[in-house]
Amino acid sequence: MPMDTPVVRYASSKTCSACGTKNEQMAREPVFWCADEQCGHRHDRDENAAVNLARWTALVENQEETLPLVAAA
Ligand SMILES: [Zn+2]
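Residues numbered from 1 in each chain as written. Predicted model: local features only at pLDDT ≥ 70, side-chain atom pairs only at ≥ 80, totals over all residues.

- For the chain, an unreviewed UniProt entry supplies the name Cas12f1-like TNB domain-containing protein and the organism Egicoccus halophilus.

Okay, structure coming up:
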């Protein structure tokens, strides 16, 4: 694999689309729930992931030189 190919794994289905908190306790539940009690966000798991991926894609496109790397679980 070429050195200039970024490999990013993003735990989109475990990350709150409202506050960005990663919920390591998420298993294969159909509904995402935020681990941050202050946030309390609940969202359809797939829709939550879609929001995260759309946001992340926009971020990458706007910051080509500083690709954010987020470790996946
Ligand atoms: Zn949250």
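There is more to say after this.
1. Digging into the overall build of the chain
And step 1. Of the regular secondary structure elements, the chain holds one helix and two strands.
And step 2. In the chain, which comprises 73 residues, the proportion classed as buried is 12%.
And step 3. Taking all contacts inside the chain whose residues are at least 6 apart in sequence as the whole, residues at least 24 apart take part in 36%. (Helix = DSSP H or I, 4+ residues; strand = E, 2+ residues; numbered from the N terminus. Buried ≥ 20, exposed ≤ 12 C-beta atoms within 10 Å, placed from the backbone. Contact = placed C-beta atoms within 7 Å.)

2. Topic: the environment of C39
And step 1. If you trace the backbone, C39 turns up in the loop between β1 (31-33) and β2 (42-44).
And step 2. Along the chain, C39 and G20 lie 19 residues apart, while their C-alpha atoms are 9.9 Å from each other.

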